[in-house]
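# Observations on chain architecture
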Amino acid sequence: PKVEDYVLLAPFSLEELVAAANSVLRDRPKLAVSSRTVRYYISKGLLPSPSGGPKFARYSWNHLDHLVKIRTYLDQGLSRSEEQRLNSSHSDRS
């Protein structure tokens, strides 16, 4: 599946977000993500915080899109600062 296939399934729980990202990235297993990875990216400002409270956090389709792009950027050898720049310029156009 492609990221676009998940538009109608959003919002996601953390587990659903991770499962969707790993499904999209299934052909590249080294890019697989975990819930810990998502929380790390949020803490570093690479992903926005989810909506809702800690027990009811919900992630949008944009979270999935950004998460897959971050993993792809890493695979291409981009640094975190380059990822942040690309993600912020992408967010500005959204």
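Residues numbered from 1 in each chain as written. Predicted model: local features only at pLDDT ≥ 70, side-chain atom pairs only at ≥ 80, totals over all residues. Heavy atoms only, no water.

## Considerations on helix α3 (residues 61-75)
Side chains three or four residues apart in an α-helix point the same way, a direct result of the helix having 3.6 residues per turn. Helix length check: α3 (15 residues) gives 21 Å between terminal C-alpha atoms against 21 Å at 1.5 Å per residue, within 8%. Buried within α3 are the following residues: His-63, Leu-64, Asp-65, His-66, Leu-67, Val-68, Ile-70, Arg-71, Thr-72 and Tyr-73. Backbone geometry just downstream of α3 places Gly-77 in the positive-phi region, at approximately 90°. (Helix = DSSP H or I, 4+ residues; strand = E, 2+ residues; numbered from the N terminus. Expected span 1.5 Å × (residues − 1). Buried < 20%, exposed > 50% of the residue type's maximum accessible area, 1.4 Å probe, protein only.)

## Quick notes on helix α2 (residues 35-43)
Where α2 is concerned, the buried positions are Thr-37, Val-38, Tyr-41 and Ile-42. Projected onto a plane normal to the axis of α2, the buried residues spread over an arc of 140° and lie on a single side. Along α2, exposed side chains directed more than 90 degrees from the buried face belong to Arg-36 and Ser-43. Two residues or fewer after α2 comes Gly-45, characterised by a positive phi angle close to 80°. (Arc of directions from axis to C-beta.)

## Brief notes about the side chain of Arg-71
Within the secondary structure layout, Arg-71 lies in helix α3. A residue is classified by how much of its surface remains accessible, and Arg-71, at 12% relative accessible area, is buried. With sequence-adjacent residues up to four places away left out, Arg-71 is seen in contact with Leu-25, Lys-30, Leu-31, Ala-32, Val-33, Thr-37 and Tyr-41. (Contact = heavy atoms within 4.5 Å.)

## Details of the packing of α2 against α3
At a minimum axis separation of 12 Å, α2 and α3 run at an interaxial angle of 90°. Classed by the angle they form, the pair α2 and α3 counts as roughly perpendicular. On α3, the residues touching Thr-37, Val-38 and Tyr-41 of α2 are Leu-67, Ile-70, Arg-71 and Leu-74. Among the residues forming the contact of α2 with α3, the class breakdown is five nonpolar, one polar and one charged. (Axes fitted to C-alpha atoms, helices over the stretch in contact; angles between N-to-C directions. Parallel < 35°, antiparallel > 145°, perpendicular 65-115°, else oblique. Nonpolar A, V, L, I, M, F, W, Y, C, P; charged D, E, K, R; others polar.)

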